[in-house]
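For reference, the chains in residue letters:
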Amino acid sequence: MAYTDLQSLLREMLVIREFEETADKLTLRGKVPGGMHNSSGQEAVAVGVMSALAADDVIATTHRSHHHTLAKGFTPNEIMAELFTKATGVSKGRGASMHLGDFKRGHFGGNGIVGAGVGIAMGAAMGIHQRGDKNVSVGFVGDGGLNTGRTWESLNMAVIYKLPFILVVDNNQYAVETFVGRVTGGNDPAKRASGFGLPSFNIDGNDVLEVQKYTAEARERAVAGEGPTFINALTYRYNGHNVGERGQYRTQEEIADWREHKDPIDRFTAYLLSTGDMSQADLDSMKASVHAEIEAAVAFAESSPEPDLSTLTDGVDSGLLGAK
Amino acid sequence: MEEVFVPALGMAMDNAVLLEWLKNPGDPVAAGDVIAVIETDKTTLDLTAETGGVLGKHRYQPNDEVPVGNTISVVLAPGEVE
């Protein structure tokens, strides 16, 4: 994905929404081994951050990673195929939904451990710093990771070594079934982070341009040697923690309020139509092309082969020690 | 035509048991109506209609084990046949 203009931001958010809603249905049908976590509602965090990064900047993400991975420039084909655990998937069918990634393209993976993406991305920032590269590393964490030790240990390291690091809280407000406000002392993530001695912000994670602006400024500071930034982007997930969850921990009214009044795609669509940066005809053709792209991704995933048994031990080590 | 199917609710769920039909073939069905009740290894679950119409054939009977993803019946819109 090349973010060449404002319309490209909207298009990528539409790609993510259509991808997630399609994959959600396929998961309920039993087509996605290992389950999946739907990111619908959180598109602006992913697209806002990625559109402010250079192509060779690094990210590490969480269990909910489709939106980050698509926004980073991976294609719906290779992600959908990975969900189906096919050989053509981005992780060659080994990873499924939770382990998307490709080191060569600056994606250091999703994972199933709360807060682990922060530590991995901080390590990548150390590498960037060591080599003197003009890049930045972004660690994503959910609101559940706000109360995990590794998040703050990693942030502290990034501060004391002035690492080119951005910690982004993709704060959808629920750690599985637990409301963030109920379990977060002080209930002000940026204030907590600022105690570690770095620029820290609570921002509107459903405003793609606001996310982009704060990320771009953080990146500028990072490559200028000024160290890390903490960004808590407030957003909302529309669906359950995992597909198939029987959620009874929040009201239908609360979900409807976010969907109808605060949706990141609706808000940005209205903005682009009002400024004249996009016409209704542009929007219609964009939606049609996104729909076709995701349909094609499902067909690609369905028709792709399973990994061949002869490749079973491929990729289990780096190959540096002589083993295959 | 809306397919009523057994959804995959967990990472290790292979099938469910059909407990009970609450609608019969030919019954009118409104969106939100419970059509059948299934039991998984963890819970019981109401399968509801998303659209309105008329219920099609019962493809499974009570106490049958149904593999995840399988269709147990359909909701037919006016003019549709199974």
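Description of the structure in this document. Here the residue index of a chain counts from 1 through its sequence in written order. Lettering of chains starts at A and numbering of ligands starts at 1, both following the order in which they are written. With the structure being a predicted model, the display of local features is reserved for residues of pLDDT at least 70 and the display and counting of side-chain atom pairs for 80 or more, all residues being used for whole-chain, interface and lining totals.

Details of the pairing of strand S6 (residues 200-204) of chain A
Residue and element names in this part refer to chain A.
Piece 1. Strand direction decides the pairing type here: S6 and strand S7 (residues 229-234), joined by five bridges, are parallel. Note on S7: the bridge partner recorded for Asp204 is Leu234.
Piece 2. Here, the term right-handed applies to a crossover whose path from the first strand over the helix to the second runs clockwise when the strands point away from the viewer. Each helix is a run of DSSP H or I of at least 4 residues and each strand a run of E of at least 2, with the numbering of both proceeding from the N terminus. For the handedness criterion, the β-α-β arrangement of S6, helix H9 (residues 208-223) and S7 is classed as right-handed. Whether two strands pair comes down to DSSP finding at least two bridges between them.

With respect to the interface of chain A and chain B
Piece 1. Remark: residues whose backbone-derived C-beta atoms lie within 7 Å of one another are considered to be in contact. The interface of chain A with chain B comprises eight residues on the first partner and nine residues on the second.
Piece 2. Residues are sorted three ways: Asp, Glu, Lys and Arg are charged, Ala, Val, Leu, Ile, Met, Phe, Trp, Tyr, Cys and Pro are nonpolar, and all the rest, Gly among them, are polar. Classifying every residue of the side of chain A that touches chain B by side-chain character gives one nonpolar, five polar and two charged.

Focus: helix H6 (residues 149-160) of chain A
All names here are of chain A.
Piece 1. Between its first and last C-alpha, H6 extends 17 Å over twelve residues, near the 16 Å set by a 1.5 Å rise per residue.
Piece 2. Within H6, burial applies to Thr151, Ser154, Leu155 and Ala158. Angularly, the buried residues of H6 cover 100° about the axis, an arc narrow enough to put them on a single face. Along H6, exposed side chains directed more than 90 degrees from the buried face belong to Gly149 and Ile160.
Piece 3. Next to the buried residues of H6 lie helix H5 (116-131), strand S2 (137-141), strand S3 (165-171), helix H8 (189-194) and S7.
Piece 4. Remark: Lys162 follows H6 within two positions and exhibits a positive phi of approximately 50°. A helix is expected to span 1.5 Å for every residue after the first. Burial in this document is a count-based property: other C-beta atoms within 10 Å of a residue's C-beta are tallied, and the residue is buried at 20 or more, exposed at 12 or fewer, or partly exposed in between, with C-beta positions derived from the backbone. The directions from the helix axis to the C-beta atoms form the arc being described.

Topic: the packing of helix H1 (residues 6-28) of chain A against helix H11 (residues 264-275) of chain A
All names here are of chain A.
Piece 1. The axes are straight lines fitted to the C-alpha atoms, using for helices just the contacting stretch, and the angles between their N-to-C directions are given from 0 to 180°. With their axes 10 Å apart at the nearest point, H1 and H11 run at an angle of 155° to one another. Here H1 lies roughly antiparallel to H11, going by the angle between them. Two packed elements cross with a definite hand, and for H1 against H11 that hand is left-handed. On H11, the residues that touch Leu6, Gln7, Leu9, Leu10, Met13, Leu14 and Arg17 of H1 are Pro264, Ile265, Phe268, Thr269 and Leu272. Geometric relationships in this document are graded by angle, where less than 35 degrees denotes roughly parallel, more than 145 denotes roughly antiparallel, 65 to 115 denotes roughly perpendicular, and other angles denote oblique. Left-handed describes a crossing in which the near helix is turned anticlockwise from the far one by less than a right angle; the clockwise case is right-handed.

Concerning the sheet that holds S6(A)
Residues and elements named next belong to chain A.
Piece 1. Here five strands make up an open sheet; going across it, the order is S1-S2-S3-S7-S6 and the pairing parallel. Of all strands in the sheet, those with a lone pairing partner are strand S1 (58-60) and S6, marking the two edges. Strand after strand, the sheet turns through a mean of 20° between neighbouring axes, direction not considered.
Piece 2. Pairing of S2 with S3 involves five bridges; the strand directions are parallel. Each bridged residue has a counterpart across the sheet, and for Gly139 the counterpart in S3 is Leu167.
Piece 3. Sheet contacts for H9: S3, S6 and S7; angle to S7, the most-contacted strand, approximately 170°.

Things to note about the sheet that holds strand S1 (residues 2-5) of chain B
All names here are of chain B.
Piece 1. One open sheet accounts for four strands, arranged S1-S8-S6-S3; its pairing is antiparallel. Every other strand in the sheet has two partners, leaving S1 and strand S3 (28-29) as the edge strands with one partner each.
Piece 2. Two strands pair when backbone bridges link them, and S3 and strand S6 (residues 53-55) are joined in this way by two bridges, in the antiparallel orientation. Bridging across to S6, Pro28 finds its partner in Val54.

Notes on the nonpolar core
Piece 1. Think of a nonpolar core as buried Ala, Val, Leu, Ile, Met, Phe, Trp, Tyr and Cys residues, each tied to the set through C-beta atoms within 7 Å. In this structure, A:Ala121 and A:Ile231 are the most contacted members of the largest nonpolar core, which totals 77 residues.
Piece 2. No other element matches the nine residues that H1(A) contributes to this core.
Piece 3. Setting aside residues up to four positions removed in sequence, A:Ile231 forms contacts with A:Ile166, A:Leu167, A:Val168, A:Val169, A:Phe201, A:Ile203, A:Tyr214, A:Thr215 and A:Ala218.
Piece 4. One finds B:Ile38, B:Leu47, B:Leu55 and B:Val75 within the second-largest nonpolar core, a separate group that totals 15 residues.

Thoughts on the environment of A:Leu155
All names here are of chain A.
Piece 1. Its place among the elements puts Leu155 in helix H6.
Piece 2. Sequence spacing of Leu155 and Phe165 is ten residues, and the spatial spacing of their C-alpha atoms is 8.6 Å.
Piece 3. The contact partners of Leu155, leaving out residues within four places of it in the chain, are Leu167, Ala193, Phe196, Pro228 and Phe230.

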